[in-house]
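Summary of the model geometry
Given next are the chains, with one letter for each unit.
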Amino acid sequence: MKKFEWTEKDLRRWEFERERGPFLWILRNGLMTWGASMFLMMTIFWSWMDGKEMVTRGELYGNAALWLVGGAVWGLAVWVLSERSYKKALKREDARPQS
């Protein structure tokens, strides 16, 4: 598997995201994007797999809690890994001879 290489555009975009902070990034990308989409997909999928026409209120609340917590954990993990990768990329850029 090819390792991700940061481009100038990637570096600038991540710097913009860093300025906005981890809380907003995790909220938007972790909870609202990943967590909410997983909640919808998995709630509908499991209902369909179980042959149900309706989902109970308890199932909705349980799935919402599960996928929102999962989204927060996913968002935090991706933020931390992206920060680590970004800092390594900056070190490589500093070590590269200037042309």
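Refer to the structure presented above.
Fair warning: this is a prediction, and the values are worked out from it, not measured in the lab.

What to know about the overall build of the protein chain
Looking only at helices and strands, the protein chain features three helices and zero strands. For the protein chain, the sequential pattern of α-helices and β-strands runs α-α-α. Relative to its length of 99 residues, the protein chain is extended, with a C-alpha radius of gyration of 19 Å against a globular reference of 13 Å. Its C-alpha atoms give the protein chain principal-axis dimensions of about 65 × 30 × 15 Å. Across the 99 residues in the protein chain, those meeting the buried criterion constitute 21%. Summed over all atoms, the accessible surface of the protein chain reaches about 7800 Å², with 65% contributed by carbon and sulfur.

Comments concerning the nonpolar core
Counting residues in each nonpolar core, the largest one holds eight residues, listed as Trp6, Leu11, Trp14, Trp25, Ile26, Trp79, Tyr86 and Ala89. Broken down by element, the residue count for this core peaks at three residues, all from helix H3 (residues 57–95). Those residues in contact with tyrosine 86, other than ones at most four positions away along the chain, are Trp6, Leu11, Trp14, Glu15 and Arg18.

A closer look at a positive patch on the surface
Taken together, the side chains of Lys3, Arg84, Lys88, Lys91 and Arg92 make up a positively charged region of the molecular surface. Along the polypeptide, lysine 91 turns up in helix H3. Residue classification places lysine 91 among the exposed positions, given a relative accessible area of 63%.

Thoughts on the side chain of glutamate 83
Looking at the secondary structure, you find glutamate 83 in helix H3. Overall, glutamate 83 belongs to the buried group, its relative accessible area being 11%. A polar contact of 2.7 Å, which involves the side chain of glutamate 83, links it to the side chain of tryptophan 14. Beyond its immediate chain neighbours, meaning those up to four positions away, glutamate 83 contacts Trp14 and Arg18.

Overview of the packing of helix H1 (residues 8–20) against helix H2 (residues 22–49)
At a minimum axis separation of 6 Å, H1 and H2 run at an interaxial angle of 110°. Classified by the angle their axes make, H1 and H2 are roughly perpendicular. Facing Trp14, Glu17 and Arg20 of H1, the residues of H2 in contact are Leu24, Trp25 and Arg28. For the contact of H1 with H2, the residue count by class is three nonpolar, no polar and three charged.

A few points about the pattern of salt bridges
Evaluation of the coordinates by the stated rule reveals three salt bridges. Ionic pairing is found between glutamate 17 and arginine 28, a salt bridge with its closest N-O pair at 2.9 Å. Here glutamate 17 is found in helix H1, whereas its partner arginine 28 is found in helix H2, with eleven residues between them in sequence. Given the relative accessible area of 25%, arginine 28 is considered partly exposed.

Conventions used here
Residues numbered from 1 in each chain as written. Predicted model: local features only at pLDDT ≥ 70, side-chain atom pairs only at ≥ 80, totals over all residues. Heavy atoms only, no water. Helix = DSSP H or I, 4+ residues; strand = E, 2+ residues; numbered from the N terminus. Rg over C-alpha atoms; globule rule 2.2 N^0.38 Å. Buried < 20%, exposed > 50% of the residue type's maximum accessible area, 1.4 Å probe, protein only. Areas by Shrake-Rupley, 256 points an atom, 1.4 Å probe, with all protein chains shown as cover. Core = buried A, V, L, I, M, F, W, Y, C linked by side-chain atoms within 4.5 Å. Contact = heavy atoms within 4.5 Å. Patch = residues over 30% accessible without salt bridge, like charges linked within 9 Å, V, L, I, M, F, W, Y side chains within 5 Å. Salt bridge = Lys/Arg side-chain N within 4 Å of Asp/Glu carboxyl O. Lys, Arg positive; Asp, Glu negative; His and termini not counted. Charge placed at Lys NZ, Arg CZ, Asp CG, Glu CD. Polar contact = N/O pair within 3.5 Å; in protein donor to acceptor, adjacent residues only side chain to side chain. Axes fitted to C-alpha atoms, helices over the stretch in contact; angles between N-to-C directions. Parallel < 35°, antiparallel > 145°, perpendicular 65-115°, else oblique. Nonpolar A, V, L, I, M, F, W, Y, C, P; charged D, E, K, R; others polar.

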